[in-house]
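Okay, here's what each chain looks like letter by letter:
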Amino acid sequence: MLLIDTHCHLDFHQFNDDRAAVIERAREAGVTRMIIPAVDLHNCHDVIRVAEQFEGVYCAVGVHPNSTAGWESRDIDELRGFADHPKVVSIGEIGLDYHWDKSPKEMQFKAFIDQMQLAHELDLPIIIHNREASLDVIRLLSESPLVGKWNAGVMHSFSAPRPIARQALDLGFHLGFTGPLTFKKAQALRDISADIPLDRILLETDAPFLTPEPKRGKRNEPSYVPHIAAKLADVRGISVEDVATATTANAVRLFGLT
Ligand SMILES: [Zn+2]
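Everything numeric in this text was worked out from a predicted model, so none of it was measured.

A. How the structure looks around the packing of helix H7 (residues 187–195) against helix H8 (residues 225–236). Closest axis-to-axis distance for the H7/H8 pair is 9 Å, and the angle between their directions is 75 degrees. One way to sum up the angle between H7 and H8 is to call them roughly perpendicular. Each of Arg 190, Ser 193 and Ala 194 in H7 lies in contact with H8, whose residues at this interface are Leu 232, Val 235 and Arg 236. Looking at the contact of H7 with H8, its residues break down into three nonpolar, one polar and two charged.

See the structure below:
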């Protein structure tokens, strides 16, 4: 059974002491491929460096909405340079975050739109971070040139209401499910994961955050993807092998993994 963690921050300091061991544990758990998204321009160097060091580890380059306060259009040129690297498979994570007051909305819009344009130009999928900003995310996606492309990208750690799921799917996006799918209180999220098309679902940890049950309270890591896969299998009434086969094929197709 092979799984892919399409969103883990393995470059973060929480993994400085045991990064190689974490990746080895993931492989032993069947999670043979991982994608590390970047959060700002400086961080793009880090994700590329980690991806270069390990087989099966890929990365995305982009500027997270919380890091867009100083966004300038010329930052796109730097991102374009990073995206040239063979281990870069996506532009991300990009999007809107209204939970933390780190960057004015107008700056978040500008950075999101510019980066979507770059993804379109480079024919790369995008990894979307959306926190309490669903309506504006959907509006900006609808206006972007990515719309309707089958490989538009993924709504990372999906947690929005059902109508947003419907609209994101209609726009060509996949939905990524993380640890919260296993949380007791997340019945609404499980209901959504139960009846959307299986060929639009990705599994992610968002490690070191969002640790799934039964590991909740510990640092999250890619070897915990099977817990999310098992929950999804349970919710959909299919085998965990079928979940693994489908989600792995989805990730390979979307990100063009080898
Ligand atoms: Zn993330």
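Structure's up, so let's keep going.
B. How the structure looks around the sheet that holds strand E7 (residues 173–177). Pairing is parallel in the open sheet, where eight strands are placed in the order E1-E2-E3-E4-E5-E6-E7-E8. The sheet terminates laterally at strand E1 (3–5) and strand E8 (201–203), the two strands that pair on one side only. This sheet shows a mean twist of 30 degrees between the axes of neighbouring strands, independent of strand direction. Pairing of E1 with strand E2 (residues 31–37) involves three bridges; the strand directions are parallel.

C. Focus on the nonpolar core. If you look at the biggest cluster of nonpolar residues, it comprises 76 residues, and the most contacted ones within it are Ile 36, Val 47, Cys 59, Ala 60, Val 61, Ile 91 and Ile 126. When residues in this core are grouped by element, the largest group, six residues, is from helix H9 (residues 240–255). With sequence-adjacent residues up to four places away left out, Ile 91 is seen in contact with Ala 60, Val 61, Gly 62, Ala 83, Gln 115, Leu 118, Ala 119, Leu 124 and Ile 126.

D. Just the pairing of strand E3 (residues 57–61), in detail. For E3, a buried count of five out of five residues is recorded, marking the element as mostly surrounded by other parts of the structure. The alternating pattern of E3 places Val 57, Cys 59 and Val 61 and Tyr 58 and Ala 60 on opposite faces, both of which are buried. Of the strand pairs in this sheet, E2 and E3 are connected by four bridges, and their pairing is parallel. Residue pairing across strands places Met 34 opposite Val 57, the latter belonging to E3. Of the crossover connections in this fold, the one passing from E2 over helix H2 (residues 41–53) to the parallel E3 is right-handed.

E. Highlighting unusual backbone geometry. Omega for the peptide link from Gly 92 to Glu 93 comes to 0 degrees, which places this bond in the cis form. Geometrically, the link from Ala 207 to Pro 208 is a cis peptide bond, its omega value of 10 degrees lying close to zero. Mapped onto the elements, Pro 208 comes out in the loop between E8 and H8. Its identity as a non-glycine residue notwithstanding, Glu 132 has a phi of 55 degrees, on the positive side. Positionally, Glu 132 belongs in the loop between strand E5 (126–131) and helix H5 (134–142). A positive phi angle, close to 45 degrees, is found at Ser 157, a residue other than glycine. Structurally, Ser 157 is set in the loop between strand E6 (153–155) and helix H6 (162–170). Given 24 C-beta atoms within 10 Å, Ser 157 falls into the buried group.

The rules we used
Residues numbered from 1 in each chain as written. Predicted model: local features only at pLDDT ≥ 70, side-chain atom pairs only at ≥ 80, totals over all residues. Axes fitted to C-alpha atoms, helices over the stretch in contact; angles between N-to-C directions. Helix = DSSP H or I, 4+ residues; strand = E, 2+ residues; numbered from the N terminus. Parallel < 35°, antiparallel > 145°, perpendicular 65-115°, else oblique. Contact = placed C-beta atoms within 7 Å. Nonpolar A, V, L, I, M, F, W, Y, C, P; charged D, E, K, R; others polar. Pairing = 2+ DSSP bridges. Core = buried A, V, L, I, M, F, W, Y, C linked by C-beta atoms within 7 Å. Buried ≥ 20, exposed ≤ 12 C-beta atoms within 10 Å, placed from the backbone. Right-handed = clockwise from strand over helix to strand, strands pointing away.

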